[in-house]
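# Architecture and fold: a report
Each chain, letter by letter, is given below.
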Amino acid sequence: RGSCPLFLERQRHVATSPMQQSTYCGGGIIVASPALIPVRTRDFSLSVSSSSFAPRKRRRRPPPIYSSSISDDARALPELSSLLGGECFKNESVSSVLSHSIELFNNNSIPEPDWSAVHLLSTALGLDWDSGYRRLLDVLENDQSRSSGSMDNIPDLSARILTVKEADAYATMVKRRLRHEPIQYIVGKWDFCDMTLKVRSPCLCPRPETEELVDYAALEVDRILALETLEGTVRILDVGCGTGAIGLALAKKFGSKVDVTAIDVDETAVKLSNENSQDILGSLGLADHYSAILCGASDFTNSGSKSGDDKFAFAFDVVVSNPPYIPRADMASLTSDVLDYESDQALCGGDDGLDVVRDIVERLPEWSAKGGCVCWMEVDTTHPVLVGKWLDYERAQDLNTRRIQFIKGVKDLCGRDRFVKLIC
């Protein structure tokens with residue numbers, strides 16, 4: 001297991017094969033073969049199975065894999081006590097609890113049962129966020145660890161008896177996982193770009209692939225910062241902030257050199273983004289450089305305001321967005337684990353998936369700094385070609401009054417058309 005990398009494949013349709021398991025990340029899907037087990041190390045994990053890709057540092061905790069189908073029988077579970085045979089992990093050792101719950105997950109078709117168990121039990125036991133799940137993985141491999149003389153504390157942890165409080169907490173988490181609730185929601189947080197973000201439903205869970213979008217936006221910020229003509233900070237707009245992952249990653253990376261404004265139509269997302277800002281940026285003295293507000297892209301405008309009485313301050317140098325982009329027809333094929341826990345509003349982009357993308361394109365000229373702005377978006381695999389043809393046609397017909405130019409579409413690490421770059 002330790003040498004087998006995580007295989008990630010982004011596509012816009014849910015896999016139908018029973019041998020595939022899928023989950024959404026910001027509107028896209030990760031599809032993984034159960035035969036390939038995620039690598040989790042302190043410093044990095046591999047993003048794809050091909051050895052042609054180098055490991056990406058920072059990625060400590062690849063996302064768990066969700067099932068591609070949930071039967072009615074699996075969702076109509078009996079009481080947990082009957083499944084567990086009575087005491088629900090009380091008076092059991094850590095080793096016994098792990099074995100017991102992994103067997104339970106296996107019997108109920110929960111994908112990656114060992115990863116589910118170690119993350120949930122680590123949380124229930126109050127172990128360190130970064131090392132706790134790894135210690136429990138070593139418990140599962142106790143014989144090998146003991147023979148090598150490593151992890152001397154493993155036997156003590158393995159034999160530890162759960163307290164009543166710990167057993168009750170873990171039983172509650174197991175019951176939620178048996179109903180295919182995402183691990184991120186159950187533990188309430190997840191890693192992204194060397195940050196640990198609070199995560200709550202219905203906000204989409206942060207995914208490693210969106211780190212690619214952050215990387216592209218960061219390159220633009222670096223370029224702008226190198227300009228001798230730059231005055232003040234680089235202004236960044238994050239459209240559809242969700243947990244705040246993208247904007248906060250950029251704010252943390254560049255510190256006082258940037259100011260980030262984030263917008264979302266969901267009150268939970270705005271509140272969560274600002275909470276994450278206080279947790280992550282507050283300790284660095286950077287909280288004033290990030291703000292999330294309740295507003296959609298189409299309404300983020302000063303059109304109709306009286307002169308000198310603008311509601312919003314724009315002049316953004318960089319606009320970045322992972323908008324809802326799944327076409328409406330594809331929503332019917334989504335699995336119930338996604339539909340039951342993640343926001344339709346954050347997933348679906350209208351009939352062709354481009355509703356919010358169009359709003360962003362429409363508003364870019366108003367949002368842009370005087371010297372122009374660059375926009376990076378994560379989109380559906382069909383969108384780079386569509387957006388390119390649309391804007392190229394407007395330019396050819398002299399209809400592009402917005403002065404927006406399609407620069408390029410970019411593939412993700414798995415070779416799928418995933419990102420677009422525009423300038424205004």
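Below, the structure is looked at part by part. What you see is a predicted model; the values in this text were computed from it and never measured. (Residues numbered from 1 in each chain as written. Predicted model: local features only at pLDDT ≥ 70, side-chain atom pairs only at ≥ 80, totals over all residues. Heavy atoms only, no water.)

## Thoughts on helix 16 (residues 355-367)
This is how it is decided: Every helix listed is a DSSP run of H or I at least four residues long, and every strand listed is a run of E at least two residues long, numbered separately from the N terminus. Any helix carries an expected span of 1.5 Å times its number of residues minus one. A residue's bend is the angle separating two fitted axes: one through the seven residues that end there, the other through the seven that start there. Between buried and exposed lies partly exposed: a residue is buried under 20% and exposed over 50% of the maximum accessible area for its type, with that area taken using a 1.4 Å probe on protein chains only. Any two residues having at least one pair of non-hydrogen atoms within 4.5 Å are treated as being in contact.
Spanning 13 residues, helix 16 covers 18 Å between terminal C-alpha atoms, matching the ideal 18 Å at 1.5 Å per step. Along helix 16, the largest kink reaches about 25° and is centred on Val-361; proline Pro-365 follows within four residues of it. When we look at burial in helix 16, the residues that qualify are Val-357, Ile-360, Val-361, Arg-363, Leu-364 and Trp-367. For helix 16, the elements touching its buried residues are strand 8 (234-239), strand 11 (318-321), strand 12 (374-378), helix 17 (383-396) and strand 14 (417-423).

## What about the packing of aromatic side chains?
Our working definition: Pairs were defined over the aromatic rings of Phe, Tyr and Trp, the Trp ring being its six-membered one, requiring ring centres within 6.5 Å. Orientation was assigned from the angle between planes: stacked under 30 degrees, edge-to-face over 60, tilted for the rest. Think of it as a cone above the ring: NZ of Lys or CZ of Arg counts as a charge over the ring if it is within 6 Å of the ring centre and within 35 degrees of the ring normal.
Taken as a whole and assessed by the stated rule, the structure comprises ten aromatic pairs. Measuring from ring centre to ring centre gives 4.9 Å for Phe-89 and Tyr-170, while their planes differ by 55°; the resulting arrangement is tilted. With Phe-89 in the loop between helix 2 (80-84) and helix 3 (94-107) and Tyr-170 in helix 8 (residues 164-178), the pair connects residues that are 81 residues apart, well separated along the chain. Neither Phe-89 nor Tyr-170 differs from the other in exposure class; each is buried. Three or more aromatic residues joined by ring pairs form one cluster here, namely Phe-300, Phe-312, Phe-314, Phe-316 and Trp-367. One residue, Lys-253, lies across the ring of Phe-254, its end atom 5.5 Å from the ring centre.

## Side note on the pattern of salt bridges
Here is the rule: For this document, the term salt bridge refers to a Lys or Arg side-chain nitrogen within 4 Å of an Asp or Glu carboxyl oxygen.
Under the definition given, this model contains twelve salt bridges. Note that Glu-220 is salt-bridged to Lys-421, the shortest N-O span being 3.0 Å. A residue pair is termed long-range when its members are at least 10 positions apart, and Glu-220 in helix 10 (residues 210-225) and Lys-421 in strand 14 qualify at 201 residues. Lys-421 carries the same exposure label as Glu-220, and that label is buried. Because the salt bridges share partners, they merge into one network encompassing Lys-198, Arg-200, Glu-275 and Asp-279.

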